Amino acid sequence: MNPSYPVNHAEIQAELIDTLFRSVPIAIIVHIVFSTVFVFLLWNIAPHHGLLAWLVVLYGLTLIRWLLTRAYQQRRPASSMKTWGMMAATLSWVFGLAWGVVPILFLDPGQPVTLIIITVVLVGLNAQALMAVVSYPPAYFASVLVLLSLITVLLLRGGMIGAEVALLVSLN
């Protein structure tokens, strides 16, 4: 954008979407590290088949994100930025759903360590999402889905400690 010319809405949207795509390499690293560490931490607590299935989904989504980013980088200038933004936001929502099922699948009130691990991982992931996708609100709102899932499961299955942790997470 040239500062000597007035900027229109489409140019601003294009820049926000470009910022979103520039943050993808860090997001890919974070998803790979967080998901792998998460599975490692729950390996002796949660069912292995569930952890491995979830991890395969996360790795698959990460590959799709990488491929989408490569396609974006090789796009023709005439490509519609709005379409790229919608694709990136949709993928963020799918990632949000994949992480959002974590407390549903793996939080075990009888194992308080699952409450701690899941809460720390999801809050940390949300902090990364805030930095990575806040430039494009439709993509950022997916991370809110993850925290809402965590808060709901903590309230429904976490007992008094879960309710207290849900309160703290809601302040995030």
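The model shown is predicted, which means the values in this text are computed figures rather than measured ones.

Re the environment of Tyr-59
Consideration 1: Mapped onto the elements of the fold, Tyr-59 is located in helix H3 (residues 48–73).
Consideration 2: Along the backbone, Tyr-59 and His-31 are 28 residues apart, and their C-alpha atoms lie at a distance of 8.2 Å.
Consideration 3: Here Tyr-59 is in contact with Ile-32, Ser-35 and Thr-36, once residues within four sequence places are set aside.
Consideration 4: For Tyr-59, the side chain forms a polar contact with the side chain of Thr-36, separated by 2.5 Å.

Some remarks on a nonpolar patch on the surface
Consideration 1: A surface patch of nonpolar side chains, amounting to about 480 Å² of accessible area, comprises Ile-29, Val-33, Val-37, Phe-40 and Leu-41.
Consideration 2: The residue Val-33 is located in helix H2 (residues 24–42) in this model.

So, H3
Consideration 1: For H3, spanning 26 residues, the distance from its first C-alpha to its last is 37 Å, which sits close to the expected 38 Å at 1.5 Å a residue.
Consideration 2: Inspection of H3 places Leu-51, Trp-54, Leu-55, Leu-58, Leu-61, Thr-62, Arg-65, Leu-68, Thr-69 and Tyr-72 among the buried residues, and these make up the whole buried set.
Consideration 3: Tucked into the core, H3 has its buried residues touching helix H1 (9–22), H2 and helix H4 (81–106).

So, the packing of H3 against H4
Consideration 1: Packing of H3 against H4 brings their axes to within 11 Å, and their N-to-C directions diverge by 170°. For the element pair H3 / H4, the angle class is roughly antiparallel.
Consideration 2: Its residues placed into classes, the contact of H3 with H4 shows 21 nonpolar, three polar and one charged.

Some thoughts on empty space enclosed by the protein
Consideration 1: Scanning all chains against the criterion turns up one cavity of 30 Å³ or more.
Consideration 2: Considered as a void within the structure, the largest cavity measures approximately 320 Å³ in volume.
Consideration 3: Contributions of two or more residues to the lining of the largest cavity are made by H1, H2, H3, H4, helix H5 (112–133) and helix H6 (137–157).
Consideration 4: Counted by class, the lining of the largest cavity contains 18 nonpolar, eight polar and one charged residues.

Things to note about the nonpolar core
Consideration 1: Membership of the largest hydrophobic core comes to 50 residues, with the highest contact counts inside it found for Phe-38, Trp-54, Trp-99, Phe-106 and Ile-118.
Consideration 2: Broken down by element, this core gets its largest block of residues, ten residues, from H4.
Consideration 3: Those residues within four positions of Trp-54 in sequence are excluded, and the remaining contacts are Ser-35, Phe-38, Val-39, Ala-98, Trp-99, Val-101, Val-102 and Phe-106.

Things to note about the packing of H1 against H4
Consideration 1: In the contact formed by H1 and H4, the axes pass within 9 Å of each other and the chain directions differ by 40°. One way to sum up the angle between H1 and H4 is to call them oblique. Seen from above, H1 lies across H4 with left-handed handedness. Mapping the contact onto sequence places Ala-14, Ile-17, Asp-18, Leu-20 and Phe-21 in H1 and Met-81, Lys-82, Trp-84, Gly-85 and Ala-88 in H4.
Consideration 2: Looking at the contact of H1 with H4 residue by residue, the classes come out as seven nonpolar, one polar and two charged.

What counts, and where the lines are drawn
Residues numbered from 1 in each chain as written. Predicted model: local features only at pLDDT ≥ 70, side-chain atom pairs only at ≥ 80, totals over all residues. Heavy atoms only, no water. Helix = DSSP H or I, 4+ residues; strand = E, 2+ residues; numbered from the N terminus. Contact = heavy atoms within 4.5 Å. Polar contact = N/O pair within 3.5 Å; in protein donor to acceptor, adjacent residues only side chain to side chain. Patch = residues over 30% accessible without salt bridge, like charges linked within 9 Å, V, L, I, M, F, W, Y side chains within 5 Å. Areas by Shrake-Rupley, 256 points an atom, 1.4 Å probe, with all protein chains shown as cover. Salt bridge = Lys/Arg side-chain N within 4 Å of Asp/Glu carboxyl O. Expected span 1.5 Å × (residues − 1). Buried < 20%, exposed > 50% of the residue type's maximum accessible area, 1.4 Å probe, protein only. Axes fitted to C-alpha atoms, helices over the stretch in contact; angles between N-to-C directions. Parallel < 35°, antiparallel > 145°, perpendicular 65-115°, else oblique. Nonpolar A, V, L, I, M, F, W, Y, C, P; charged D, E, K, R; others polar. 1 Å grid on protein atoms, 1.4 Å probe; cavity = no way out; pocket = protein on both sides within 12 Å on 5 of 7 lines; lining within 4 Å. Points joined across faces, edges and corners; volume = space filled by probe spheres on them. Core = buried A, V, L, I, M, F, W, Y, C linked by side-chain atoms within 4.5 Å. Left-handed = near helix turned anticlockwise from the far one by under 90°.

Read these as spatial facts, not as claims about activity.
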